[in-house]
Amino acid sequence: DYLLRILETIHQYFPDIQYITSYARADSITRKSPSELRILREAGLNHIYSGIETVQTKFWNLLTKGLNADTADEKWVYGEKRQIWYCRNLFCWGIGGKELSEENATRTAEALNVIRPDFIRVHATGIKPESKMGEFVREGSFTLQSEEEIMIEQKRFLQQLKEMDSYYVNEHIINLLLEVRGNLRTDKEKMLSDINRFLNLPANEKLLFVIGRRFNIFSCWMIWTIKNYIKKQKELYRKS
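Residues numbered from 1 in each chain as written. Predicted model: local features only at pLDDT ≥ 70, side-chain atom pairs only at ≥ 80, totals over all residues. Heavy atoms only, no water.

Novice: Just give me the short version of a nonpolar patch on the surface, but keep the residues and values in it.
Specialist: Side chains of Leu207, Ile211, Phe215 and Ile217 sit close together on the surface and give an oily, nonpolar patch of about 430 Å² of accessible area. Relative to the helices and strands, Leu207 is located in helix α11 (residues 203–214). Its relative accessible area of 52% is what places Leu207 among the exposed residues. (Patch = residues over 30% accessible without salt bridge, like charges linked within 9 Å, V, L, I, M, F, W, Y side chains within 5 Å. Areas by Shrake-Rupley, 256 points an atom, 1.4 Å probe, with all protein chains shown as cover. Salt bridge = Lys/Arg side-chain N within 4 Å of Asp/Glu carboxyl O. Helix = DSSP H or I, 4+ residues; strand = E, 2+ residues; numbered from the N terminus. Buried < 20%, exposed > 50% of the residue type's maximum accessible area, 1.4 Å probe, protein only.)

Laid out in structure tokens, this is it:
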């Protein structure tokens, strides 16, 4: 009832509004019946953003989000919700460290092949030193991945995703390759090609690219390529 009053007020003051978005955890969705979810959709709540982060059973206990992987992966939740909302899901690379990298990619792909969300947003994991995960890193039970290893994890994940009408996007500045984005039905091979282009770089160029991105000298591959080209032309000019 409280949510319905909020939606009613929004439409009262913004009668031309087209989209209303809410964060939504899997456990908050399961507390509502399918009919209640449908009523919210009819009242104008047409986008949800769900941060699942990972579907690794072992790691859910460490996240302490108040639910487990089985709850997050319940098919009826997403199957019913799919008919109600425009769905966005967030997943994190590197959240399992080196120890669970392959499992994170595989299990996440399996879950998304069932959920089939409209949007798939991916972030690289940033660990704060004072957090519990920071403590795991210091004690050695969690091994941080390199930039290259995180990209290998993302490649493994993309390879296992089925073709579906979902938009996949690296949209946070913490992600190394922001240009890896597109519709899984039409752009999957292009995204894999962009990842392979980085992975196939000579070690010194790979390091230069990572440093340039992390110091915000450039934001994407194309800008790096242009700057690299200009630098080479200047060197040729000086030599001539």
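There's plenty left to go through after this.
Novice: With reference to specific residues and values, describe the nonpolar core.
Specialist: Within the largest apolar cluster, 30 residues are counted, with the highest numbers of intra-cluster contacts made by Phe157, Leu158, Leu161, Tyr168, Leu177, Leu184 and Phe198. Elements that contribute at least two residues to this core include exactly β3 (86–93), α7 (101–115), β4 (119–124), α9 (147–160), α10 (188–199) and α11. Residue contacts for Tyr168: discarding those within four places in its chain leaves Trp93, Ile120, Val122, Gln154, Phe157, Leu158, Leu161, Val180, Arg181, Gly182, Leu184 and Met191. Membership of the second largest hydrophobic core comes to five residues, among which are Cys92, Ile95, Phe136 and Phe142. (Core = buried A, V, L, I, M, F, W, Y, C linked by side-chain atoms within 4.5 Å. Contact = heavy atoms within 4.5 Å.)

Novice: Hey, could you go over the packing of aromatic side chains for me, with residue numbers and the actual values?
Specialist: Enumeration over the complete set of coordinates arrives at three aromatic pairs. Relative to Phe209, the ring of Phe198 lies with its centre 5.8 Å away and its plane at 50°, an arrangement referred to as tilted. With a gap of eleven residues between them, Phe198 in helix α10 and Phe209 in helix α11 connect regions that are remote in the sequence. Seen from the ring of Phe198, Lys206 lies directly overhead, with NZ or CZ sitting 5.9 Å from the centre. (Phe/Tyr/Trp six-rings, centres within 6.5 Å; stacked < 30°, edge-to-face > 60°. Lys NZ or Arg CZ within 6 Å of the ring centre and 35° of its normal.)

Novice: Describe the pattern of salt bridges, and please don't skip the residues or the numbers.
Specialist: Scanning all chains against the criterion turns up nine salt bridges. Among the salt bridges present, the one from Arg121 reaches Glu171, with a minimum N-O distance of 1.9 Å. In this pair, Arg121 is assigned in strand β4 and Glu171 in the loop between β5 (167–170) and β6 (181–183), connecting sequence segments 50 residues apart. In this structure Arg121 comes out as buried when scored by relative accessible area, which is 18%. Note on Glu171: relative accessible area 36%, which makes it partly exposed.

Novice: Explain the packing of α9 against α10 to me, and be specific about the residues and the numbers.
Specialist: Here α9 crosses α10 at 160°, and the two axes come no closer than 10 Å. Taken together, the axes of α9 and α10 are roughly antiparallel relative to one another. The chirality of how α9 crosses α10 is left-handed. Side by side, α9 and α10 meet where Glu148, Met151, Ile152, Gln154, Lys155, Leu158 and Gln159 of the first sit next to Lys188, Met191, Leu192, Ile195, Asn196, Phe198 and Leu199 of the second. Residue composition of the contact of α9 with α10, by class: eight nonpolar, three polar and three charged. (Axes fitted to C-alpha atoms, helices over the stretch in contact; angles between N-to-C directions. Parallel < 35°, antiparallel > 145°, perpendicular 65-115°, else oblique. Left-handed = near helix turned anticlockwise from the far one by under 90°. Nonpolar A, V, L, I, M, F, W, Y, C, P; charged D, E, K, R; others polar.)

Limitation: the analysis is restricted to geometry and does not speak to function.
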